[in-house]
Amino acid sequence: MPFRLLIQLGLLCTLLPLHYGAPGPDGTAPDSAHYRERVKAMFYHAYDSYLENAFPYDELRPLTCDGHDTWGSFSLTLIDALDTLLILGNVSEFQRVVEVLQDNVDFDIDVNASVFETNIRVVGGLLSAHLLSKKAGVEVEAGWPCSGPLLRMAEDAARKLLPAFQTPTGMPYGTVNLLHGVNPGETPVTCTAGIGTFIVEFATLSSLTGDPVFEDVARVALMRLWESRSDIGLVGNHIDVLTGKWVAQDAGIGAGVDSYFEYLVKGAILLQDKKLMAMFLEYNKAIRNYTRFDDWYLWVQMYKGTVSMPVFQSLEAYWPGLQSLIGDIDNAMRTFLNYYTVWKQFGGLPEFYNIPQGYTVDKREGYPLRPELIESAMYLYRATGDPTLLELGRDAVESIEKISKVECGFATIKDLRDHKLDNRMESFFLAETVKYLYLLFDPTNFIHNNGSTFDAVITPYGECILGAGGYIFNTEAHPIDPAALHCCRRLKEEQWEVEDLMREFYSLKRNRSRFRKKRMNSGSWEPPERPGTFSSPENHDQAREKKVGKQKISLLSCPSQPFTSKLALLGQVFLDSS
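Sequence order as written defines the numbering, with residues in each chain counted from 1. Totals for whole chains, interfaces and linings use every residue, but because this is a predicted model, local features are given only for residues with pLDDT of at least 70 and side-chain atom pairs only at 80 or more, for both listing and counting. The side-chain values count all of the structure's non-hydrogen atoms but skip hydrogen atoms and water molecules.

In the nomenclature of an unreviewed UniProt entry, the protein chain corresponds to alpha-1,2-Mannosidase from the organism Marmota marmota marmota. UniProt positions are given in the numbering used here, feature names are shortened, and annotations may be inferred rather than shown by experiment. Per UniProt, the comment on the protein chain under Cofactor (unreviewed entry) is "Ca(2+)". Per UniProt, the protein chain has the following entry under Subcellular location (unreviewed entry): "Endoplasmic reticulum".

Now for the sheet that holds strand β14 (residues 352–354). On the basis of which strands lie adjacent, the open sheet formed by three strands has the order β13-β14-β15 and antiparallel pairing. The open sheet is flanked by β13 (311–313) and β15 (359–360), the only strands paired with a single partner. Sheet topology places β14 next to β15; two bridges connect them, and they run antiparallel. When the sheet's bridge partners are listed, Tyr-353 is paired in β15 with Thr-360. Two strands are said to pair when DSSP picks up at least two bridges between them. By the criteria applied, helices consist of DSSP H or I runs no shorter than four residues and strands consist of E runs no shorter than two, each listed in order from the N terminus.

All right, on to the sheet that holds strand β8 (residues 250–251) then. The three strands are arranged β8-β11-β12 in an open sheet whose pairing can be described as antiparallel. For this open sheet the edge positions go to β8 and β12 (307–309), each flanked by a neighbour on one side alone. Where strand β11 (residues 299–301) lies against β12, two bridges are found, and the strand directions are antiparallel. Paired with Val-300 across the bridge in β12 is Val-307.

Buried Ala, Val, Leu, Ile, Met, Phe, Trp, Tyr and Cys residues form a nonpolar core when they are joined through side-chain atoms within 4.5 Å. The buried label goes to any residue with under 20% of its type's maximum accessible area, the exposed label to any with over 50%, and the partly exposed label to all in between, with areas taken from a 1.4 Å probe on protein chains only. Counting residues in hydrophobic clusters, the biggest one holds 166 residues, and the most contacted among them are Phe-202, Phe-261 and Phe-429. Not counting the four nearest positions on each side in its chain, Phe-429 is found in contact with Met-42, Ala-46, Leu-369, Ile-400, Phe-410 and Val-434. Contacts are assigned to residue pairs with any non-hydrogen atoms lying within 4.5 Å of each other.

With numbering matched to this structure, UniProt assigns "active site" (unreviewed entry) to Glu-117, Asp-258, Glu-351 and Glu-372. Locating Glu-117 in the fold gives a position in helix α5 (residues 115–132). Its location among the elements puts Asp-258 in helix α10 (residues 258–271). By relative accessible area, Asp-258 is classed as buried at 2%.

On to helix α15 (residues 387–404). How far a helix is expected to stretch is found by multiplying one less than its residue total by 1.5 Å. With 18 residues, α15 should cover 26 Å at 1.5 Å per step; its first-to-last C-alpha distance of 25 Å lies within 8% of that length. Counting buried residues along α15, 14 of its 18 residues qualify, which places the element largely inside the surrounding structure. By the criterion applied in these results, polar contacts are pairs of N or O atoms within 3.5 Å in which, for protein atoms, one can donate a hydrogen and the other can accept it, and in which residues neighboring in sequence qualify only through two side-chain atoms. N-capping of α15 is provided by Asp-386, with a side-chain oxygen placed 2.8 Å from the backbone N of Thr-388.

Moving on: the UniProt feature "binding site: Ca(2+)" (unreviewed entry) in the protein chain. Following the UniProt record, one finds the feature "binding site: Ca(2+)" (unreviewed entry) at Thr-475. Tracing the backbone through its elements, the reader meets Thr-475 in the loop between β22 (472–473) and β23 (479–480). At 2.8 Å, the side chain of Thr-475 and the side chain of Glu-262 are in polar contact.

Turning our attention to the state of the cysteines. Disulfides are defined in this document as cysteine sulfur pairs within 2.5 Å. Scanning the model with the defined rule gives three disulfides in all. Disulfide partner of Cys-146: Cys-488, at an S-S distance of 1.9 Å. Since a negative S-S torsion denotes a left-handed disulfide, the Cys-146-Cys-488 link at about -100 degrees is left-handed. Of this pair, Cys-146 sits in the loop between α5 and α6 (149–161) while Cys-488 sits in the loop between β23 and α17 (490–522), and the two are 342 residues apart along the sequence. Assessed through its relative accessible area of 5%, Cys-488 is described here as buried.

This brings us to the packing of aromatic side chains. Here the aromatic set is Phe, Tyr and Trp, taking the six-membered ring for Trp, and pairing holds for ring centres within 6.5 Å; pairs whose planes are under 30 degrees apart are stacked, those over 60 apart are edge-to-face, and all others are tilted. Counted by the stated rule, this structure contains 28 aromatic pairs. Comment: the charge-over-ring label is applied if NZ (Lys) or CZ (Arg) is within 6 Å of the ring centre and within 35 degrees of the ring normal. Positioned over the ring face of Trp-226 is Arg-229, at 3.6 Å from the centre of the ring. Above the plane of the ring of Phe-352 lies Arg-364, whose end atom (NZ or CZ) is 5.9 Å from the centre.

This next bit is on helix α14 (residues 372–384). Taking 1.5 Å per residue, 13 residues should reach 18 Å; α14 reaches 18 Å between its end C-alpha atoms and fits that length. What α14 keeps buried is the set Glu-372, Leu-373, Ile-374, Glu-375, Ser-376, Ala-377, Met-378, Tyr-379 and Leu-380. In this fold, the buried residues of α14 make contact with α10, α12 (319–325), α13 (329–346), α15, α16 (428–440) and β22. Backbone geometry just after α14 places Gly-385 at a positive phi near 70 degrees.

A cis geometry characterises the amide bond from Phe-55 onward to Pro-56, with omega recorded as 10 degrees. The amide bond that connects Trp-144 to the next residue, Pro-145, takes the cis arrangement and shows omega of 10 degrees. Here Pro-145 shows up in the loop between α5 and α6. Despite not being glycine, Asp-294 shows a phi value in the positive range, around 50 degrees. Non-glycine residue Ala-477 carries a positive phi angle of around 70 degrees. Position of Ala-477 among the secondary structure elements: in the loop between β22 and β23.

This next bit is on the pairing of strand β18 (residues 412–415). Looking at chain direction, β18 and strand β19 (residues 420–422) are connected through three bridges and run antiparallel. Within β19, the residue paired with Thr-412 across the bridge is Asp-422. A loop of four residues connects β18 with β19, the two strands running antiparallel in sequence, and His-419 in this loop sits at a positive phi of about 65 degrees.

This next bit is on the packing of helix α3 (residues 76–87) against α16. Axes here mean lines fitted to C-alpha atoms, for a helix over just the part in contact, with angles spanning 0 to 180 degrees between N-to-C directions. At a closest axis distance of 7 Å, the pairing of α3 and α16 adopts a crossing angle of 20 degrees. With respect to their mutual orientation, α3 and α16 come out roughly parallel. Seen from above, α3 lies across α16 with left-handed handedness. Judged by residue contacts, Thr-77, Asp-80, Ala-81, Asp-83, Thr-84 and Ile-87 of α3 engage Phe-428, Leu-430, Ala-431, Lys-435, Tyr-438 and Leu-439 from α16. For classification purposes, an angle smaller than 35 degrees is called roughly parallel, one larger than 145 roughly antiparallel, one from 65 to 115 roughly perpendicular, and anything else oblique. Put simply, a crossing is left-handed when the front helix is turned counterclockwise from the back one by less than a right angle, and right-handed when it is turned clockwise.

With that settled, consider the environment of Glu-93. Along the chain, Glu-93 falls in helix α4 (residues 91–104). Sequence separation between Glu-93 and Ala-136 is 43 residues; the distance between their C-alpha atoms is 9.5 Å. When neighbours within four sequence positions are excluded, Glu-93 is seen to be in contact with Tyr-47, Leu-51 and Leu-85. Reaching out from Glu-93, the side chain makes a polar contact with the side chain of Tyr-47 at a distance of 2.6 Å.

Here the focus is the pattern of salt bridges. A carboxyl oxygen of Asp or Glu within 4 Å of a side-chain nitrogen of Lys or Arg is what we treat as a salt bridge. Under the criterion given, the structure shown has 28 salt bridges. A salt bridge links Arg-121 to Glu-426; the shortest N-O distance between them is 3.5 Å. A residue pair is termed long-range when its members are at least 10 positions apart, and Arg-121 in helix α5 and Glu-426 in the loop between β19 and α16 qualify at 305 residues. Of the residues examined, Arg-121 reaches a relative accessible area of 0% and is grouped as buried. Under the relative-accessibility criterion, Glu-426 is labelled buried at 3%. For Glu-426, the salt bridge identified is with Arg-424, shortest N-O distance 3.5 Å. Here Arg-424 falls in the partly exposed class, since its relative accessible area comes to 22%. Where salt bridges share partners, they join Glu-59, Glu-117, Arg-121, Arg-424, Glu-426 and Glu-476 into one cluster.

What follows is the structure, given as structure tokens:
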């Protein structure tokens, strides 16, 4: 039976009708104020449990009420939850945690860390908290947002990751030792997302610090992936960063690839970079041509376009939200509603879902409280106001509280079929899942600012506008204020102008001195030793433009999201089955 027909026959795969602005099943949309308070209570149950039972470890183990380190001994949950505190309105706790992090977090440690996870969770979390510090009532230092303790911490963490990018291709290793760099025996095989998820954080960091190295390495990695795509326009799942050869040739939008596409769009918006958006739109054509079947997205062989895995992965649920960012609302809603049927079937999204069979995949039945479908609901609700999206939020709150809540927090669901639990609460539950739920039910949150209000900040480089909205969430849901990327730029440009003027002044002075000396020695005029020293204003402007072109940091760029965790969860899944 043709695969497309199998999908059409599946009860759960039937496309739900669109009802923009329609009421819920009982005639009314879910009460946003009620569920907003429920979400806030969820956050504090999880957050307080972490503080009481797990801090300073990375994450809480909710079944045994203790903690463990998972990604590098950073007190990771505290970093990941910091900007969520402000979004929920808790400025006093935000201020306290900023002090705690400054006093306790050290990146000079002999730990093997995921380059991807450290970037999206630690670098992204610290950058976001740094940019939100003044709004949270933190007494910022002179020069903020171009300086500050959290910015220095973010820069320190990012510098620990730079050795991973020192490869023949410019694509980074997946793991780096924070003290010693890349281990000699480190595998060169990295997933696509682990290579292409840096531009948001790294460009932001370069913009704020004035050091272009971060944005530069992120852009090189993006370009190497772009240049490695197949003739039909697709990228695989894992690649050898030393040789540039694809190791896993499954192409899709889910695990191991997802945030690469996400960062092309978000990087384009953040940096107003037409080239990044053009790259994504080309990928989008290939994705629609080869992987899309009746508003589901499958996995295909990257060179042939033949189906290799007819599955939906929970990590793919970010895609409708990404579609909304490029204005493709109708397609986004259709895909979202497909994914929502899976949620309704199980009370959560299993890691893998076999589309033709309409059921979970063996050993992939778990739900670690991932945020992706809620994230898409938040984006789409902002775009459409469709109450169906609030219904997903309601279902998520009810389901997570009923199935996952335990005495010490919220536990990962090991198996959605029988609701068995696992002894882990990932930091992204507080960074993403709870945050997107709260923002779904809180239409007046400052994150949703439409530009009607803003703050004018005086920096050493001039006046800067912040807080006007348009926040870009990294893949760990840490919001970056795009306006901040313009706050620290004038320094370098003005510095170069002053340097050029001083250089011209001393050049003129030196050559006049030479002229006088030669005239005194010879009694006749001779041209300067280096032709062109006495340059016309036009020539000088051309020379300065050439110099600035070499030195000036491009007007913004950044990086972010987790990948190694996906590999650990999914295991050896992405094998070429052709």
